[in-house]
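Each chain, letter by letter, is given below.
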Amino acid sequence: MKILVPGGAGYIGSHTVSELIDAGEEVVIADNLETGHIEAVHPKAVFYRGDIRDRAFLDSVFEKEQIDGVIHFAANSLVGESMKNPLKYYDNNLYGTKVLLESMVAHGVDKIVFSSTAATYGEPESIPILESDRTEPTNPYGETKLSMEKMMKWTGAAHGLRYVALRYFNACGAHKDGHIGEAHNPETHLIPLILQVPNGQRAAISIYGDDYDTKDGTCVRDYIHVTDLAQAHILAMKYLMDGGESNVFNLGNGIGFTVKEVIETARRVTGHPIPAETAPRRGGDPAKLVASSEKAKKTLGWNPIHADLEEIIQTAWNWHKNHPNGYTK
């Protein structure tokens, strides 16, 4: 099958493209390289540089390529930035998806797997979080992703489109051979920030709050290896190809680690003391975010195989120590 991957030059997108090509599929990438990297584009993928908000660009891709389905990653994804600049998120995430769906409908492409987020839930009612739990996002990023899900639902009702929304938790790690990995500017994710310390790029890591109702007072998060996420997208597309109905799935390991546990694991992996400093809590940080992924395991046959935190950090460290400035030489 031939899959269009908007955002395929980004972090999770590039890893999914790699897994698709390893599985023998044909891949077409559309990316404006706003946050993606040309160096992360797989050499066996067809690459079109352009913006999903540009209908003429998308139409030209669908006309040139015989696309069977879409795996959609093209979106802005920084919670803090979304609070300061919500309209950017409505423009890129929502309007961009609207244009993508219009072009898909016009060209008879009726299957899409979509990168959603745990941020659709907001403050969780209970742990682990189930797909049936209420969705009340606490930031524009989560709000736009939830709206994208609903846009797909109603497009499906009107035009027969079928979709899978994958709500995932803390994506982390890097490809096992180290040729692609996580490279954000600015970096906001915990594991890359921790690894900047042994890389000599910061003196210490900040712990935002140590008085939460958790075993050591620091926030608990569910960390899921990027290659396991990539495999879930491929299984979700196969599910749709096999006639599966539109659906929503959580993706996580179902295990929570505290910030202090992640730092301690990074110390073991890197052999560096990694000093830590306690800072005030950040607004909007829930004490615990842990997924139930039983539905994805049962329905998609998904089985994360890189669940060990030490292995996750080892793959991340393998990337970051060799690429301290990401893809920039």
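Reading guide: rules and limits
- Residues numbered from 1 in each chain as written.
- Predicted model: local features only at pLDDT ≥ 70, side-chain atom pairs only at ≥ 80, totals over all residues.
- Heavy atoms only, no water.
- Helix = DSSP H or I, 4+ residues; strand = E, 2+ residues; numbered from the N terminus.
- Rg over C-alpha atoms; globule rule 2.2 N^0.38 Å.
- Buried < 20%, exposed > 50% of the residue type's maximum accessible area, 1.4 Å probe, protein only.
- Areas by Shrake-Rupley, 256 points an atom, 1.4 Å probe, with all protein chains shown as cover.
- Lys, Arg positive; Asp, Glu negative; His and termini not counted.
- Charge placed at Lys NZ, Arg CZ, Asp CG, Glu CD.
- Polar contact = N/O pair within 3.5 Å; in protein donor to acceptor, adjacent residues only side chain to side chain.
- Contact = heavy atoms within 4.5 Å.
- Core = buried A, V, L, I, M, F, W, Y, C linked by side-chain atoms within 4.5 Å.
- Disulfide = S-S within 2.5 Å.
- Pairing = 2+ DSSP bridges.

I would appreciate a short explanation of the overall build of the chain in the present structure.
Helices and strands together make up the secondary structure of the chain, namely ten helices and 14 strands. Radius of gyration (C-alpha) of the chain: 19 Å, near the 20 Å computed for a compact globule of 329 residues. In terms of overall dimensions, the chain has a C-alpha envelope of 55 × 45 × 40 Å along the principal axes. The buried share among the 329 residues of the chain stands at 57%. In the structure as shown, the chain presents an accessible area of about 13,900 Å², 49% of it carried by carbon and sulfur atoms. Separation of charge centres in the chain, based on 32 positive and 43 negative side chains, amounts to 1 Å.

Sorry, what's going on with the side chain of His 42 here?
Structurally, the position occupied by His 42 is in the loop between β2 (26–31) and β3 (46–49). For His 42, a relative accessible area of 15% corresponds to the buried category. A distance of 3.0 Å separates a polar side-chain atom of His 42 from the backbone nitrogen of Lys 44. Every residue in contact with His 42, bar those within four places of it in the chain, is listed here: Val 17, Ser 18, Ile 21 and Ile 29.

For this particular structure, what's the right way to read the nonpolar core?
Where a protein is soluble and globular, its nonpolar side chains tend to be buried together. In this structure, Ile 12, Val 27, Val 113, Val 164, Leu 166 and Leu 251 are the most contacted members of the largest nonpolar core, which totals 34 residues. Counting residues per element, the ones that place at least two in this core are β1 (2–6), α1 (11–22), β2, β6 (162–168), α7 (226–241), β11 (247–251) and α9 (294–300). Here this core gets eight residues from one element, more than from any other, and that element is α7. In contact with Val 27, other than residues within four places in its own chain, are Ile 3, Val 5, Val 17, Leu 20, Ile 21, Ala 45 and Val 46. Membership of the second largest hydrophobic core comes to 26 residues, among which are Ile 67, Val 99, Leu 101 and Met 148.

Please explain the state of the cysteines as it appears in this structure.
A covalent bond between the sulfur atoms of two cysteines is referred to as a disulfide. Counted under the stated rule, the structure contains zero disulfides. In this structure Cys 172 is a free cysteine whose sulfur lies 16 Å from that of Cys 219, the closest cysteine sulfur available. Using a relative accessible area of 2% as the deciding quantity, one classes Cys 172 as buried.

Can you walk me through the environment of Ile 313 in this structure?
Inspection of the secondary structure assignment puts Ile 313 in helix α10 (residues 309–322). The exposure class of Ile 313 is buried, given its relative accessible area of 0%. A sequence separation of 47 residues divides Ile 313 from Ala 266, and the C-alpha atoms of the two residues are 6.4 Å apart. Excluding its chain neighbours within four sequence positions, the residues that come into contact with Ile 313 are Ile 191, Leu 195, Val 262, Thr 265, Ala 266 and Val 269.

Explain the sheet that holds strand β9 (residues 220–221) to me, please; I cannot follow it from the model alone.
Pairing between sheet strands relies on hydrogen bonds along the backbone, with the strands arranged either parallel or antiparallel. The sheet built from three strands is open, its strands ordered β12-β9-β14 with mixed pairing. Each edge of the open sheet carries a strand with a single partner, namely β12 (257–258) and β14 (288–289). Looking at chain direction, β9 and β12 are connected through two bridges and run antiparallel. By the bridge assignment, Val 220 is partnered in β12 with Thr 258.

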